[in-house]
Structure formats: C-alpha cells, structure tokens
Amino acid sequence: MSTPRFIDLPPGVRRTDMTLSYGPVAALRAFPTSGGSTLAPALLVHGFTGSKEDFIALFQSLAQAGREVVAIDLPGNHESPGPESLPPVPGVRRPDYRLPSLGAVVAEVLEQVGEGGPVHLLGHSFGGLVCREAALTATAPPASLTLMCSGPGALSGPGAGTAGNLIAAVSMNPTAERLRQLWEEQFDAVARSRTTRPEIHDFLRRRLLSSSAVGLMHMAEELVSAPDRVDELARVDMPTLVLYGENDDAWSPREQDRMAERLGARRLVVPGAGHSPNVEAPETTASALTSFWNEAESVGRH
C-alpha cells in the first residue's frame, strides 16, 4: 500500500480524464512551468493497490525542469472505472486486468500523451511489469523506460504472501462489500501504521473501496505469476533505468541489480529509501529522473 505524504495537488497540477478506445482513465497532468517545451513528456504508472497520487510529490520538480508529466490510474484502480462497469464498445476489446491487456492500455495512453511522438515511461513495482508489456507491444519504443522498484518477473517473499492473501480473501466473493470487510479486517490497521494524518488515512480507504475487487484479484494473480521477459525487453532499442531504494523489501536489490545487468541498463540506488522512493525521497528521485531523461534525449538527437 503505497502511502503519499500529502494529497493536495501542487500548483500547476490538474485532475483530468483521458478517453481511450474502451472508456476513460483518470489522470493527473502537469505542464512545464515556463510555457512550451521541446522536451519529451513523461508518463508515470503506479503499482499494485496504488494510484496516480503516489507520484504527487514528483510533479512540481519534474515540470519545473521543463517537461509535461502525466500519471494515470490503471483500469479499475481508484478513479479509473473498472472495464466491467463500462458499456461495451463495438469492435473494441475491454481490458481484462492481465498484464498484456494493461500494457495495451498504457501503450494507448502513450500515443495520446506524446501525440505520436516519444514519451518517457516509468512504472513503479507492478506498474513496471505493466510498462514492460507496453514497451514490448507499442508501435514505437518509448523515449526511455524506467523500472522503479520492480523486477524481472513474479514477486516472491512477503509481498507475494500479501498478494496471495488478497486473492484468497476475494476470490469467492469479488465485490465492493468484500473490499469493505477487508478494509476493516486488515487494511485499516496497515493504513494507521503508515500515517497519523486523518486525510491520508481517509484517502487510502477511499482509494481501496473505489477500486474493482475483480481487478485487484486478477492483478494480484498477475503479480505472483508474471513471467521473466527481461531478455525480450533487452532487445528493444531504448535507454533503460533500473531505480530502487536501498531498503527496498519487494524484489530484492540483488535481483534488481541482476535485471539491470541483463538489460544493459543504468542502475541507480536511492539512499535511505525503501519500496517507494517517489514518496520517501522525492527530490532525489525527481533529480535522477530529470538527468536520465535529459541524457536520453541528448543521445537521441545525435
């Protein structure tokens, strides 16, 4: 449960909806503070049980560097409706919460954000697995790919146990009422251990209860069964960054180091941070991302 430290939108950041082929996705969007920009925009994708607000502390710094920044709620998460709740669109297949399907959603968002041009893509945790799929299937590779606190395949260890528990808890009754019961039985205590601020606690509750129970179940299944596709990803011609907190407790730092080696990617460790450097060390993370993106574009122009 990624926990932002504040949820008030910074100056210049606005809430919007993006209309995709099957329906809408919710987004936060910030434009360069100094007007127009020739820099490629960036798209940020959250992890399991997360949302676009997980990146809220990064927006001002990234936009002040002269770049448009967009973060979305994946289908069925927080303010993006679950596809099962939307009317069918003739000739359009609705997302099914599996990694290839979610990757196709992100690829469609990339097209919109970049208006056909290159876009820097970042995925946090489960979002890294989704962005990997988008990079593998997009009509053109992203301007760059950042895998933040993500891994080469299925999650193992304590995180996998948490996902497995959620699957078991909702599989027989994947409903909004079951999510309310889980909040009271489990997630409320976790939220209170992570924040003392009532508005953040209320946000975490609202985010979980507004998400799709079916979607959370299937995404948890994907999280614990995702195949290793690193070798395929290594063949995509794009700059890649593997970034994680030194105290990351999801995929191990050693596992992420090995993934960076296999990808031929740059590796960056954020001191003092854990599984959410976007929340725990936002200035360091924003500075590292801006430097990486600027360098990727500089190399691309030569």
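Residues numbered from 1 in each chain as written. Predicted model: local features only at pLDDT ≥ 70, side-chain atom pairs only at ≥ 80, totals over all residues. Heavy atoms only, no water.

## Regarding the overall build of the chain
Selection criterion: Numbered from the N terminus, helices here are DSSP runs of H or I no shorter than four residues, and strands are runs of E no shorter than two. For the radius of gyration, the atom set is restricted to C-alpha positions; the globular benchmark scales as 2.2 Å times the number of residues to the power 0.38. Only protein chains enter the area calculation, which uses a 1.4 Å probe; residues under 20% of their type maximum are buried, those over 50% are exposed, and those in between are partly exposed. The contact criterion used is simple: two residues touch if any of their non-hydrogen atoms lie within 4.5 Å. For every accessible area listed, the method is Shrake-Rupley and the probe measures 1.4 Å; residues are considered covered only by the protein chains on display.
Each helix and strand in the chain was counted, giving eleven helices and eight strands. Expected size for 302 residues packed as a compact globule is a radius of gyration near 19 Å; at 18 Å, the chain falls within 12% of this value. Taken over the C-alpha atoms alone, the chain extends approximately 55 × 45 × 40 Å along its principal axes. For the chain, the proportion of its 302 residues judged to be buried stands at 56%. At a minimum sequence separation of 6, the contacts of the chain that also span at least 24 residues come to 77%. A total accessible area of about 12,500 Å² is found for the chain, and carbon and sulfur atoms account for 50% of it.

## What to know about the packing of helix H2 (residues 99–114) against helix H3 (residues 126–137)
Note the cut-off: The angle between two axes is taken between their N-to-C directions and runs from 0 to 180 degrees, where each axis is a line fitted to C-alpha atoms and a helix contributes only its stretch in contact. For classification purposes, an angle smaller than 35 degrees is called roughly parallel, one larger than 145 roughly antiparallel, one from 65 to 115 roughly perpendicular, and anything else oblique. Each residue gets one label: Ala, Val, Leu, Ile, Met, Phe, Trp, Tyr, Cys and Pro are nonpolar, Asp, Glu, Lys and Arg are charged, and the others, such as Gly, are polar.
Running from amino to carboxyl end, H2 crosses H3 at an angle of 70 degrees, the nearest separation of the two axes being 7 Å. Classified by the interaxial angle, the pair formed by H2 and H3 is roughly perpendicular. Contacts between H2 and H3 involve Leu 99, Pro 100, Leu 102, Gly 103, Val 106 and Ala 107 from the first element and Phe 126, Leu 129, Val 130, Arg 132, Glu 133 and Ala 134 from the second. Within the contact of H2 with H3, the residues separate by chemical class into nine nonpolar, one polar and two charged.

## Side note on empty space enclosed by the protein
To keep it simple, the criterion reads: Every definition here rests on a 1 Å grid over the protein atoms only: cavities are sets of points where a 1.4 Å probe fits but cannot get out, pockets are open sets enclosed by protein on both sides within 12 Å along at least five of seven lines, and lining residues have some atom within 4 Å of a point. Grid points are joined across faces, edges and corners, and a volume is the space filled by probe spheres set on the points.
A complete count under the given rule lists two cavities of 30 Å³ or more for this structure. What lines the largest cavity is simply Met 1, Thr 49, Gly 50, Asn 77, Trp 183, Phe 187, Leu 204, Arg 207, Leu 208, Ser 211 and Leu 216. Of all the secondary structure elements, the ones that give two or more residues to the lining of the largest cavity are helix H5 (176–194) and helix H6 (198–210). The dominant element in the lining of the largest cavity, judged by the number of residues it contributes, is H6, at three residues. In terms of residue class, the lining of the largest cavity is made up of six nonpolar, four polar and one charged. Lining the second largest cavity, in full, are Gly 128, Arg 132, Leu 147, Gly 151, Arg 229, Val 230, Leu 233, Met 259 and Leu 263. Each residue belonging to the lining of the second largest cavity can be placed in one class, and the counts come to five nonpolar, two polar and two charged.

## Description of the side chain of His 120
Inspection of the secondary structure puts His 120 in strand S5 (residues 120–124). Relative accessible area serves as the criterion here: at 0%, His 120 is assigned to the buried category. The residues touching His 120, leaving out its near neighbours within four places in the chain, are Ala 40, Pro 41, Ala 42, Leu 43, Arg 67, Ala 143, Ser 144, Trp 293, Ala 296 and Glu 297.

## Examining the pairing of strand S3 (residues 42–45)
As a general feature of sheets, a regular strand has side chains that alternate between the two faces. Put simply, the rule reads: One bridge is not enough; two strands pair if DSSP finds at least two bridges between them. The path from the first strand over the helix to the second decides the hand: if it runs clockwise while the strands point away from the viewer, the crossover is right-handed.
Where burial is concerned, the two faces of S3 agree: the one with Ala 42 and Leu 44 and the one with Leu 43 and Val 45 are both buried. In this structure, S3 lies alongside strand S4 (residues 69–72), joined through four bridges in parallel fashion. Residue pairing in the sheet places Leu 43 in a bridge with Val 70 of S4. Traced from S3 through helix H1 (residues 59–64) to S4, the parallel crossover comes out right-handed.

## A few points about helix H7 (residues 213–223)
Among the eleven residues that make up H7, nine are buried, leaving the element largely enclosed by the rest of the structure. For H7, every residue scored as buried is listed here: Ala 213, Gly 215, Leu 216, Met 217, His 218, Met 219, Ala 220, Glu 222 and Leu 223. In this fold, the buried residues of H7 make contact with H2, H3, helix H4 (158–170), H5 and H6.

## Remarks on the side chain of Asp 73
Selection rule: Polar contact is the term for a pair of N or O atoms within 3.5 Å; when the atoms are in protein, one must be able to donate a hydrogen and the other to accept it, and sequence-neighboring residues count only if both atoms are side-chain atoms.
By the element assignment, Asp 73 lies in the loop between S4 and H2. In this structure Asp 73 comes out as buried when scored by relative accessible area, which is 0%. At a separation of 2.6 Å, a polar atom in the side chain of Asp 73 contacts the side chain of Lys 52. When neighbours within four sequence positions are excluded, Asp 73 is seen to be in contact with Val 25, Ala 26, His 46, Ser 51, Lys 52, Glu 53, His 78, Glu 79 and Ser 80.

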